[in-house]
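Observations on chain architecture
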Amino acid sequence: MEFKQKQLQHLGIIAGICNEIGLIGQIDSKIGKEKRKVSVGQAVQAMILNALGFSGRALYLTPDFFRNRPVDLLIGEGIEADDLHDDCLGTALDALYDQGITELFYQLASSALKTYEIEHRYVHLDTSTFSLHGKSYEDADDTSQTVSIKRGYSKDNHPELPQAVISLMCSHRSSLPVWLEVLSGNSSDQKSFANSIKEYRRQFKSAQLPYFVMDGAFYTKENITGLNDIIWVTRVPERIKEAKEIIENLNHGDLLESEKEGYSYKEIHSDWSGEDQRWLVVFSRAAYEREIKTFEKNLEKSREKSEKGFWHLCNSPFACEADAHKAAKTFNRKNKYFSAEYTVEKKMRYAGKGRPGKGSVPEKEEWRLSGQIEDDKDTIESTRRRKGIFIIATNNLDSTDLNSEQLLDVYKSQGTSVERGFRFLKDPLFFAESLYLKSTKRIMALIMVMGLSLLIYSLAERKLRSTMMTQDETIPNQVKKPTQNPTIRWVFQMFEDVLLLTVKENTSEKNIVGNLTEAHNTIIRCLGKEVEKIYFSD
């Protein structure tokens, strides 16, 4: 009798969800298996398992990750850890790119949402940057490519590094990705939002498009007028004159209290850019307190800087009175919240040090400033009044279809959907150092695999929570209290000690999953048959 012990941990959950949406079969049906021992679909599932293993291993170390894990159970019969070498994964990334990563991702995501009967009335669109550490890229000069790795505005605070921009759409109130697109490193949100929506619309097969929720970068005249056939929700930038005037002249007594604690609002009509819109002017108490605290802190720093700067100006001689006035006016123009109240005095400069003697003749005349810094009270008070106020706009004029409360809720959900998705993708343990790849094509394909990992992660979390709620099941959370709303990351941690023991006797083999507790069994049952097949296989 022989015994083999391998680490199964939470990987059976990931593989089970992949199997449930038919990930391998769907990819292979579109790309084909060719003459490969490991199909492209299987290679993709291996990369997802590696990513969601949160091991911090780069791609080329994938065989090490699977060395003591049941590869045949998780990916496919006959596959071993050493089969998942960098050439296998690299050529799979090439095949994904050649197939079209945006289209393939959309097809896989749409199929998964259909499998789980998930509908999305709203999708949240945003972009983020992924900094890349390679010094050069093998296909950087390939003019046939529409995407290039280059420097641009960095949301990672790494302006010195080349980057790619990722455009991501997630369903409402979740980080479930429904669309992923890789863009050039210098892409602008003002243009890319509209282009992504147009491409999504081209792919979308349903009769009715969802509503698109975006930040203020979308709000330009070109986008508003060019996409008047879709429903959008966005924030109005304060730089727009009409918005600035509304915020400055807002009477808080006109606002209605929202059902959301700490919010009040007022709905108005706008025809900015010639398109009828509903504007929701919103005051947030929490945002006001946060913003006013930051403003007062920065105001004090600015005051100290202005006082120091004016002190130096007062100790600088000027050749004529006009130069002194010019310097003071320039100083005042540069200070938004402060101004120097000053006078100009003529001084006589004598040769030598000390008090000049009787009858001494001045060597030259010079002019000096004197005075003090005063607050520009009107400007400061006007700025304070604008804190905590923002405007949400939509071209949905039917308030019975999307009322003010829903409009506020939809826009505020941006932080719990697509922004949460980006936080997941940028986790330091997620595909550590994988973006050191030198090929632009492989980088783009790898980002698509990262998006699929987010999809699997989010589907597992959603299904577990939904089933636990429906069946009234609970598991202990981090502080040992029962919960029906666990994060899937916590669930993964709960499975750290789960092992697979293979017992071989004569010609028969039997798998036994060890260290399962009642909480584990509850999770496995709630996640469904495909996960049960892995953990309860025998």
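This section reports on the structure supplied with the text.

On to the overall build of the protein. Across its full length, the protein holds 19 helices and 16 strands. Radius of gyration (C-alpha) of the protein: 31 Å, far over the 24 Å computed for a compact globule of 538 residues. The principal-axis extent of the C-alpha atoms belonging to the protein is close to 120 × 60 × 55 Å. Within the protein, the fraction of its 538 residues that count as buried is 51%. Taking all contacts inside the protein whose residues are at least 6 apart in sequence as the whole, residues at least 24 apart take part in 68%.

Here we take up the sheet that holds strand 3 (residues 163-171). Read from one edge to the other, the open sheet built from 9 strands follows the order 4-3-2-5-6-12-9-8-7, with strand pairing classed as mixed. Only two strands of the sheet have a single neighbouring strand rather than two, namely strand 4 (177-183) and strand 7 (256-257). Here strand 8 (residues 263-270) runs beside strand 9 (residues 277-284); their pairing, made up of 8 bridges, is antiparallel. Considered in strand 9, the bridge of Ser 270 is made with Gln 277. Docked against the sheet, helix 15 (residues 418-425) engages strand 2 (122-131) and strand 3, running at close to 30° with respect to strand 2.

The next thing to look at is unusual backbone geometry. Although it is not a glycine, Asp 472 adopts a positive phi angle of roughly 55°. Examined against the element boundaries, Asp 472 turns out to sit in the loop between helix 16 (440-471) and strand 13 (475-476). For Asp 472, a relative accessible area of 61% corresponds to the exposed category. One non-glycine residue with positive phi stands out, namely Lys 480, at about 70°. Take Lys 480: it is sitting in the loop between strand 13 and strand 14 (482-483). Lys 480 sits in the exposed class, given a relative accessible area of 68%.

Strand pairing in a sheet is mediated by backbone hydrogen bonds. Such pairs are either parallel or antiparallel. Within the open sheet, the 3 strands sit side by side as 1-15-16. Their pairing is antiparallel. The open sheet has two edge strands with one neighbour each: strand 1 (2-7) and strand 16 (508-514). Looking at each pair of strands side by side, their axes are set apart by 20° on average, direction ignored. In the sheet, strand 15 (residues 499-505) pairs with strand 16 via 7 bridges, with the strands oriented antiparallel. The residue bridging Lys 504 from the neighbouring strand is Glu 509, located in strand 16.

Once that is clear, we can look at the pattern of salt bridges. Tallied over the entire structure, the rule returns 26 salt bridges. Across the pair Arg 67 and Asp 82 runs a salt bridge whose closest N-O atoms are separated by 2.3 Å. Taken together, the residues span a long stretch of sequence, with Arg 67 in the loop between helix 4 (62-65) and helix 5 (71-74) and Asp 82 in the loop between helix 5 and helix 6 (86-99) at a distance of 15 residues. Between Asp 189 and Lys 155 there is a salt bridge, and its shortest N-O distance comes to 3.0 Å. Linking Asp 189 in helix 8 (residues 189-203) with Lys 155 in the loop between strand 2 and strand 3, this pair joins segments that are 34 residues apart in sequence.

Further remarks concern the environment of Val 38. Relative to the elements of secondary structure, Val 38 occurs in the loop between helix 2 (23-31) and helix 3 (40-52). Relative accessible area serves as the criterion here: at 4%, Val 38 is assigned to the buried category. For the pair Val 38 and Asp 83, spaced 45 residues apart in the sequence, the C-alpha separation amounts to 7.2 Å. In this structure, Val 38 is in contact with Ala 43, Ile 79, Asp 83, Leu 84 and Cys 88, ignoring residues within four places of it in sequence.

The grouping of Lys 326, Lys 329, Arg 333 and Lys 334 at the surface amounts to a positive patch. Mapped onto the secondary structure, Lys 326 falls in helix 12 (residues 321-334). When its relative accessible area of 60% is taken as the criterion, Lys 326 is described as exposed.

Let us look at helix 11 (residues 285-314). Its 30 residues place the ends of helix 11 42 Å apart at the C-alpha level, agreeing with the 44 Å of an ideal helix rising 1.5 Å per residue. Residues of helix 11 that are buried include every one of Ala 287, Ile 292, Phe 295, Leu 299, Arg 303, Ser 306, Phe 310, Leu 313 and Cys 314, and no others. Lining the buried residues of helix 11 we find strand 9, helix 12, strand 10 (338-349), strand 11 (364-375) and helix 13 (377-386).

The rules behind each value
Residues numbered from 1 in each chain as written. Predicted model: local features only at pLDDT ≥ 70, side-chain atom pairs only at ≥ 80, totals over all residues. Heavy atoms only, no water. Helix = DSSP H or I, 4+ residues; strand = E, 2+ residues; numbered from the N terminus. Rg over C-alpha atoms; globule rule 2.2 N^0.38 Å. Buried < 20%, exposed > 50% of the residue type's maximum accessible area, 1.4 Å probe, protein only. Contact = heavy atoms within 4.5 Å. Pairing = 2+ DSSP bridges. Axes fitted to C-alpha atoms, helices over the stretch in contact; angles between N-to-C directions. Salt bridge = Lys/Arg side-chain N within 4 Å of Asp/Glu carboxyl O. Patch = residues over 30% accessible without salt bridge, like charges linked within 9 Å, V, L, I, M, F, W, Y side chains within 5 Å. Areas by Shrake-Rupley, 256 points an atom, 1.4 Å probe, with all protein chains shown as cover. Lys, Arg positive; Asp, Glu negative; His and termini not counted. Charge placed at Lys NZ, Arg CZ, Asp CG, Glu CD. Expected span 1.5 Å × (residues − 1).

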